[in-house]
Every structure is written in structure tokens, then in C-alpha cells.
Amino acid sequence: MEHKSRIEGNSSSLNDTRLERLQRIGFRWAKRKGQASWDEKFNELVAYEAKFGDCHVPTKYKDNTALGRWVSTQRAEYRKYQDGRKTSMNADKIRRLEGIGFAWFMAM
């Protein structure tokens, strides 16, 4: 995120010195994969549902923390979608998630 912020001209803790040190050791910046990445996490959620019988992945799921965060993000993106705000959520993703019993809201 810091690299992206810097590229976009926003405030970032990634200063010139830090950037240079990372480049010197051959650091590679992760590239966002968009739909391919979404499909990968969706498939992980399908596997989770098959194993546990639901899609209630804890946000801090110890066996796959990235999946827990992704599930939380899907709920947040859905709220944006419902409010008509800019989001990566779309009708196809909603259909796919609901098709495996995804719960948009969790009981407290």
C-alpha cells in the first residue's frame, strides 16, 4: 500500500531511502490480480464451506488469515454496493457468493 500511495503522489512512509534500499536487494512489488485473485479466494471459500458447512470464516481465521480478511472485505464491498457507492462488488459476485450460502451480515 505504501508503494501504491507513493506512486499516486499521496502521503507515504516509503521515503526515498527506504525505496532505494528495497530496490537494492531486488524487492518485487506485488501486483493486484483483480478478478483472478477474487476467483482464487472464492474457491478457497468454497473449500471452507465444504469442510465446515458454512461461510462464516472468522476475520482472524488462523488457518488462512487472508481468507478471513477477504470475507470481511466482501461484506464491506457489498454494503458499498447497496449504498450505490464505488465498489469492486457486482451482481455476478453477489450471485456466486449467495449461491454457496454466503451471509452478508453476521449476528453479533
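Before reading further, recall that the structure is shown in the block above.
Residues numbered from 1 in each chain as written. Predicted model: local features only at pLDDT ≥ 70, side-chain atom pairs only at ≥ 80, totals over all residues. Heavy atoms only, no water.

**Student:** Before we move on, could you go through the packing of helix α4 (residues 65-83) against helix α5 (residues 91-99) and cite the residues and values that matter?
**Tutor:** At their nearest, the axes of α4 and α5 sit 11 Å apart, and the two run at 130° to each other. By the angle between their axes, α4 is oblique relative to α5. Seen from above, α4 lies across α5 with left-handed handedness. Seen from α4, the contacting residues are Trp70, Gln74, Tyr78 and Tyr81; seen from α5, they are Ala91, Ile94 and Leu97. Residues that form the contact of α4 with α5 fall into these classes: six nonpolar, one polar and no charged. (Axes fitted to C-alpha atoms, helices over the stretch in contact; angles between N-to-C directions. Helix = DSSP H or I, 4+ residues; strand = E, 2+ residues; numbered from the N terminus. Parallel < 35°, antiparallel > 145°, perpendicular 65-115°, else oblique. Left-handed = near helix turned anticlockwise from the far one by under 90°. Contact = heavy atoms within 4.5 Å. Nonpolar A, V, L, I, M, F, W, Y, C, P; charged D, E, K, R; others polar.)

**Student:** Mind laying out the packing of aromatic side chains, listing which residues take part and the relevant values?
**Tutor:** If you walk through the whole model with that rule in mind, you get eight aromatic pairs. For the ring pair phenylalanine 52 and tyrosine 61, a centre distance of 6.4 Å and an interplane angle of 90° mean the geometry is edge-to-face. Residue class for tyrosine 61 comes out buried when judged on its relative accessible area of 13%. Taking the centre distance of 6.3 Å and the plane angle of 70° together, the rings of tyrosine 78 and phenylalanine 105 count as edge-to-face. Within this pair, whereas tyrosine 78 is found in helix α4, its partner phenylalanine 105 is found in the segment after α5, the two being separated by 27 residues in sequence. By relative accessible area, which is 10% here, tyrosine 78 ends up buried. One aromatic cluster in this structure is built from Tyr78, Phe102, Trp104 and Phe105. The positively charged end of arginine 96 is found above the aromatic ring belonging to phenylalanine 42, 4.5 Å away from the centroid. (Phe/Tyr/Trp six-rings, centres within 6.5 Å; stacked < 30°, edge-to-face > 60°. Buried < 20%, exposed > 50% of the residue type's maximum accessible area, 1.4 Å probe, protein only. Lys NZ or Arg CZ within 6 Å of the ring centre and 35° of its normal.)

**Student:** Which residues make up the pattern of salt bridges, and what values do they have?
**Tutor:** Inspection of every chain in the model, using the stated rule, returns six salt bridges. In this structure, arginine 96 engages aspartate 39 in a salt bridge whose closest nitrogen and oxygen atoms are separated by 2.8 Å. Taken as a pair, arginine 96 in helix α5 and aspartate 39 in helix α3 (residues 35-52) lie far apart in primary sequence, 57 residues in all. Overall, the relative accessible area of 23% leaves aspartate 39 in the partly exposed class. A salt bridge links aspartate 83 to arginine 85; its shortest N-O distance comes to 3.4 Å. According to the relative accessible area criterion, aspartate 83 is exposed, its value standing at 55%. For arginine 85, a relative accessible area of 48% translates into the label partly exposed. (Salt bridge = Lys/Arg side-chain N within 4 Å of Asp/Glu carboxyl O.)

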